[in-house]
Structure formats: structure tokens, C-alpha cells
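This is what each chain is made of:
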Amino acid sequence: MCGIYGFIGDGKVEDLINGLKKLEYRGYDSAGIAFSRNDSLVVEKKTGKVDALRTSVDGKLEEKINAGIAHTRWATHGIPNDINAHPQMDCKKQIAVVHNGIIENFTALREKLISEGHEFISQTDTEVIAHLIEKYFKGDLLEAVRRATIDLEGTYAIGVIHADVKDEIIFARKKSPLVITANEHGSYCASDVTPLISVGRDVVFLEDGQIARLKKGTFEIFEISGKPVEKRFYHVDWDEKAAEKGGYKHFMIKEIHEEPRVISDALMGRVKDEKIFLKEMEDWKDYIKRLRKINIIACGTSYHAGLIFKYFFESLRPFDVEVEVSSEYRYRNVLIDDRVLNVAISQSGETADTLESVRLAKSLGGKVLAISNVMGSTLTREADKTLYINAGPEISVASTKAYIGQMTVLYLLALYIDAVMGGEHPERVKALSKLPELVDNFILTEADAIKAVADKYVGYSNFMYIGRNLNYPSVLEGALKLKEISYTNAVGYQAGELKHGPIALLDEKFPVMAVAVDDDLKDKMLSNILETKARNAHVVAVVSASDQKVSNLVNDVIRVPDVENYLYPFFVGISFQLFAYNVANNRNLNIDMPRNLAKSVTVE
Ligand code: M6R
């Protein structure tokens, strides 16, 4: 959600545009840049995509600059238009500011600044920051920004450039992420590591309340009090190519094809001799033995992965596992003590509601284990421990490979906790280690067949996904995927709930996606499918390869391999990802950047 990029050093205008291109996946509706030229600032802003901005600055792309800041805006205060796009400026047009987050006291600040003679032109909360810095600027930009941030309530990541201060740019953070790196050509800051991989692998994540002063090739970090902070570097080993499409039409389909590799990377070093080794968890063994409950906190797709953990863990032993969406959890009166493990799942590690839930759990004395994909993200720094999924950058807004990576790590975690509690399931560990090959083979052999089914159903506007037990979360996720990228109404239900209301929706125009694999509840699913057929609904069933019983009764099938019950969610999940992708692709939609959505939801 919103993206910031900036640098000081040797560069050109196009570098700012290229930085923004790499942040596009975060979701936005306008874009802008500011850079210094002689004694003034040049600001260019455009509603719409970064390519529109690139076109509007076409003649300037090769212009050499020594500093600039850039922004993709996801509108919160004021509609997406050229005026509300960032950068926002002060009265004298000497200060430009880009901002992610929400300034909660902006109305009061704005009124005060207006009474002091400042003139506002946008509807944004961000513009108050530019005027505040103007108010406090007495020649020292760092000090002016530091002083301005003291007045701000809410959340922010800001980047600031001043026409008269040619050798530095300033960044500050409170609850919205910023990452910094430097090399001999310059210093660079961005909302996440994606645009930084090409210039530096050793990065520093700004902490809440910190301010950074970037000069060419070097940077310093200060607390809000002005006290210098020692830098803590993280090494990022993401492959630069992973953030490129590599011949695929969309990142989403590329990322689906990466899933076998994602599973094997998530398993790497963690499975040996039919046992699970999670070195990160070793010193928690006593704590695990005492656990009475596991709370899972997450949003969206990560929440669905959490639900699968619940069913999987319960298949190992009876245990109290509660899964809650973070935006609800954070406002609940939860009972937490030192016998409750809180597991926060977030691909990005920056989801605002999940972070607040983590803070709540910690404030009540709970321990937090993070499951994340992004090293050094806020979640991983605030949690007591982190298990990384190691999926590499996920660019498509719709999460696919991260979901599969989360499931893999959550299966490992479940088996690990169960083993510490005294359980033994060597056959499951063994089955897990064979998963990458099975998934690889499945995608290779079935992707076209799933595409053919999607082609047939592309004209429908409503879908109902039904499943049970371990495959209930899979149908929620399948419906979410279809909604997100194809803008089609899709609902997911526990199949047993149909007759309690949802079945009223069904007719020949409302197809049903039913998961009826060869598990313990297949016969129950079969009855549910017959109920939907009796209402004239067309049924696409996800069945096991050897199935005949269901296949003969439904309109279309998606076949997944015959595997142990608990492994089906991987194959069902991938089937629904491919189905949604092909429906959206058929409709020629902007699959990687669906309307209204952001990759990293950093506001509440
Ligand atoms: O980064 P997170 O895993 O915390 O993100 C949570 C959700 O915003 C995310 O899964 C969202 O639902 C995706 N767009 C799903 O495809």
C-alpha cells in the first residue's frame, strides 16, 4: 500500500521511475517524483499508473540528478488525482514530501498551520507534513523533520527533499516500513527491499520513531530525540531475477509455477530421518510442553493458511487452536497467558492489523511466533521468534506461492509441536518431503486441463465453493482468489452449511466448485453435491485421480493426485489458483495488480 523510493548520489530521473516500477505491486492509484535541479525542485505527478508518469516525463528521463524521491499513492485522504498525488510541497515549493500512512491529527494541524499563514492546495493529510517542516526549517533539514514528526499522530513513512539542502535527503518512520542501503554511488531508501536488491544486499530497516539522513554513499540513523543509533544490517539474498517475469505473461502464473521450489526451500534443512528440525524453536521446547492453546492471527490468504494449520494440528492430536482475523482479534478481550502460543502469519510482515494484534498479545504477556516471507520486516522484529517461509519475493498482489510456503511451514510447525508434546508421525514427515516432486508433476500434467475448465466457466458471474474439514479453508481461499483477480462474486462455505441458507442462491447460473477428494468425508461431500445438482447448479468437482464415483455425477472435474488426506489442501489450493488465473486471463484483466487492492496493507 503506497510505495516510497528515493536516492542521493549518481543517478538520473529514470532511476526514480524504475524504483517505482518495482513497487507497483504494492497497489496504488497515482504516482509522482521530485528531484532537485539547480536551486529548485522539479515535481512531476500523474493519476494512474507509473507508465503514465514515465510518458509525461519522457523528455527528462536521461537527465542526470543527484537526489530524488518518488511515490506511488493509494488514496486515503482525497480522491486519486494529480493534485493529491505525492510529493506534496510547502508554500515556497522548496520542500517536497512523500508519505505512506495516515496522519490522524491532520485536521487540527492543518487548521493551525492555516491560521499561521500556510496555504494548502490538496485534500491530503500529507501536505501538513510539508508545511510543518517548512515551519521548523532553520537551515538544518534533519532537525526540521525531527521537530515536525513530534507533532504528528498516526502512522508514517516519509521521504523529504529540500531545494537548498543539496547533499542530503531525510526519511522517517512510525509504523510504516522503510529500508535503507548504500554503495559507492549513492544511498537508497524504499518501502521494501524489492527496488534495493539491484543496488545493495546489506540493508537496514528503520525502526519506529527513527529518522535517517542519507548522503551520497553513507547514511546515519537517529532516534526522535536526536540521539544517534547504531545500525543493524540484514543481508538479503533474494534473487534479483525473482522480481522479474522471466518469460511468463504475469507474475501470478510465474509464482504458481515456482511452488514446487517454494515447498522444497521451505523444507530445506528442516526435515531429516523422518524428523522435523526447527532450530529456531529449540529453546522453546519446555514452553511448548506446557502449552494449553495456540492462537493464530492473520489476514486474507494468510488467515486461510492458519485455518489449515488448525485442522492439520487437530488431525495429529486433540488441542485447542483458535484462528482469528487480525482486524477482529486486536479489538477482542482475549485471554492470554504464558501457556498460550500466538502465531502471527503474514507474507509481508507489514500488515497493520496483524502487527497490532501481535502488540496486544505481547502486552498481555503472550509469546509470539511469526511466520513470514520478508526478512527484517516489522513483524519479524517485533515477534519473539520467526519461521521464514523462504519463498522469495512475491510480486503479484494475489498471494499464491506464499500461501503454499506458509502451509508448508505450518505443517512443519504442527509436526514439530506435536513431536515435542510426545507425538510420532514419521509417515507424515516422509510424505511431506516427497511433496515438491508431486506438486511439480501435478502442475506440469494438470495445468492445461484446469485451464480448459476455466475457459468453459469464464462467462459466469457467481460461484459457490464448498468443502469440508481440511478442505474448507481451501474453498475460502479459492473463492478469495477468484474475487481478487477476476472481480467475480465467489463465496466459500462449509459444505454442511449449504442447507442452512446458501443453497437458496443456487440455480443453473450459479456454478459450484466442490472439493470431493478421497478423504474421510467424501460421501458427505457427495450428498452435498447431489443437493446442488438438484437445484440445477453446474458442478466442477476437485476429485482424486482415481475417482469415478463423483466424476460420473458432476459436469466437470479437476483431478489431483491420490495422496494422503492431509496433503490434499496443497493440490486443491493450486487447482483453485490456476482456475482463478485462467478465468481472469480470459477476461484480459490486470491480474498482478487488481483494482482497489494493495500487496502490503499497512493501514488499518
Ligand atoms: O502480507 P500478509 O500475508 O499479512 O497479507 C495478508 C492479506 O492482505 C493478503 O493475504 C491478501 O488477502 C492477498 N491479497 C491475498 O491474495
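Above: the structure in question.
Let me begin by describing the structure that accompanies this report. (Residues numbered from 1 in each chain as written. Predicted model: local features only at pLDDT ≥ 70, side-chain atom pairs only at ≥ 80, totals over all residues. Heavy atoms only, no water.)

1. Structural notes on the site of the ligand
We apply this condition: Any residue with a heavy atom lying within 4 Å of a molecule or strand is counted as near it. Any N or O atom pair separated by 3.5 Å or less is treated as a polar contact, with the protein-specific requirement of one donor-capable and one acceptor-capable atom, and with residues adjacent in sequence counted only for side-chain atom pairs. Per-residue and other accessible areas were derived by the Shrake-Rupley procedure at a 1.4 Å probe size, with only the shown protein chains allowed to occlude residues. Space inside and on the surface of the protein is sampled on a 1 Å grid over the protein atoms alone, with a cavity defined as a set of points where a 1.4 Å probe fits but cannot get out and a pocket as an open set with protein on both sides within 12 Å along at least 5 of 7 lines; lining residues have an atom within 4 Å of a point. Assignment to a cavity or pocket requires that more than half of a molecule's atoms be within 2 Å of the site's grid points. By the criteria applied, helices consist of DSSP H or I runs no shorter than four residues and strands consist of E runs no shorter than two, each listed in order from the N terminus. As a working rule, the residues Ala, Val, Leu, Ile, Met, Phe, Trp, Tyr, Cys and Pro are called nonpolar, Asp, Glu, Lys and Arg charged, and the rest polar, with Gly in that last group. For every domain, the bounds stem from an assignment made automatically or drawn from a database.
Taken together, 15 residues are adjacent to the ligand, and S302, S346, S348, T351 and E484 come closest. One nitrogen or oxygen atom from the side chain of S302 is found 2.6 Å from an oxygen atom belonging to the ligand. At 2.7 Å, a backbone N or O of Q347 approaches an oxygen atom of the ligand. Bound to the protein, the ligand loses 91% of the 410 Å² it would expose on its own. Placement of the ligand is best described as lying within the largest pocket. Counting residues per element, the ones that place at least two in the shell around the ligand are α9 (300-316) and α16 (472-486). For the shell around the ligand, a count of residues per class yields five nonpolar, eight polar and two charged. Both domain 2 (240-433) and domain 3 (443-595) contribute no fewer than three residues apiece to the shell around the ligand.

2. What to know about the environment of G423
Which entries qualify depends on this criterion: Note on exposure labels: buried denotes an accessible area under 20% of the residue type's maximum, exposed denotes more than 50%, and partly exposed covers the range between, all computed with a 1.4 Å probe on protein chains only. The contact criterion used is simple: two residues touch if any of their non-hydrogen atoms lie within 4.5 Å.
As for its position among the elements, G423 is in the loop between α13 (401-420) and α14 (426-433). The exposure class assigned to G423 is buried, which follows from its relative accessible area of 17%. Expressed as a C-alpha distance, the spacing of G423 and S546, which sit 123 residues apart in the sequence, is 31 Å. Residues contacting G423, with those up to four places away along its chain left out, are R317 and D418.

3. Considerations on the nonpolar core
Here is the rule we go by: Put simply, a nonpolar core is a bunch of buried Ala, Val, Leu, Ile, Met, Phe, Trp, Tyr and Cys residues held in one set by side-chain atoms that sit within 4.5 Å of each other.
Membership of the largest hydrophobic core comes to 96 residues, with the highest contact counts inside it found for I294, I371, L413, Y465 and F579. Here this core gets 14 residues from one element, more than from any other, and that element is α13. Residues lining this core come from more than one domain, with at least three contributed by each of domain 2 (240-433) and domain 3 (443-595).

4. What about the layout of surface pockets?
Note the following rule: Grid points are joined across faces, edges and corners, and a volume is the space filled by probe spheres set on the points.
In this structure, the largest pocket encloses a volume near 540 Å³. Mapped onto the lining of the largest pocket, the elements with two or more residues apiece are α9, β20 (340-346), α11 (352-363) and α16. Residues belonging to the lining of the largest pocket are distributed by class as follows: 10 nonpolar, 11 polar and four charged.

5. Side note on the state of the cysteines
Basically, it comes down to this: The criterion for a disulfide is a pair of cysteine sulfur atoms lying within 2.5 Å.
Going through the model one piece at a time under the given rule, you end up with zero disulfides. Its sulfur unpaired, C2 is 15 Å from the next cysteine sulfur, which belongs to C189. Taking the relative accessible area as the measure of exposure, C2 reaches 7% and is therefore buried. Owing to a relative accessible area of 0%, C189 belongs among the buried residues under this scheme.

6. Let's talk about the sheet that holds strand β10 (residues 186-190)
Using the following cut-off: When DSSP finds two or more bridges between two strands, those strands count as paired. Between N-to-C directions, angles cover 0 to 180 degrees, with each direction set by a line fitted to C-alpha atoms, over the stretch in contact for helices.
The eight strands lie next to each other as β3-β2-β4-β1-β10-β9-β11-β15, forming an open sheet whose pairing is antiparallel. On the outer flanks of this sheet lie β3 (40-47) and β15 (233-235), each paired with one strand and no other. Recorded for the sheet is a direction-independent mean angle of 20° between the axes of neighbouring strands. Lying over the sheet, helix α1 (residues 13-21) contacts β1 (3-12), β2 (30-37) and β4 (64-73), oriented at roughly 150° with respect to β1.

7. Considerations on the packing of α13 against α14
For clarity, the cut-off: Angle categories: roughly parallel below 35 degrees, roughly antiparallel above 145, roughly perpendicular from 65 to 115, and oblique for all the rest. The handedness criterion is simple: a crossing whose near helix is rotated anticlockwise from the far helix by less than a right angle is left-handed, and one whose near helix is rotated clockwise is right-handed.
Look at α13 against α14: their axes get within 11 Å of each other, and the N-to-C directions meet at 160°. With respect to α14, the axis of α13 lies roughly antiparallel. When the axes of α13 and α14 are compared, the crossing they make is left-handed. Side by side, α13 and α14 meet where Y411, L412 and L415 of the first sit next to R428, V429 and L432 of the second. Among the residues forming the contact of α13 with α14, the class breakdown is five nonpolar, no polar and one charged.

8. Some thoughts on the pairing of strand β6 (residues 95-100)
Burial analysis of β6 places six of its six residues in the buried class, the great majority of the element. What you see with β6 is no split at all: I95, V97 and H99 on one side and A96, V98 and N100 on the other are buried throughout. Here strand β5 (residues 88-89) runs beside β6; their pairing, made up of two bridges, is antiparallel. By the bridge assignment for β6, M89 is matched with A96.

9. Quick word on empty space enclosed by the protein
Following the criterion strictly, the structure yields three cavities of 30 Å³ or more and no others. If you trace the largest cavity, you find 20 residues lining it, with Y25, R26, D192, S348 and V374 closest to the centre. Here the lining of the largest cavity is composed, by residue class, of nine nonpolar, six polar and five charged. Partitioned by chemical class, the residues of the lining of the second largest cavity number four nonpolar, eight polar and two charged.

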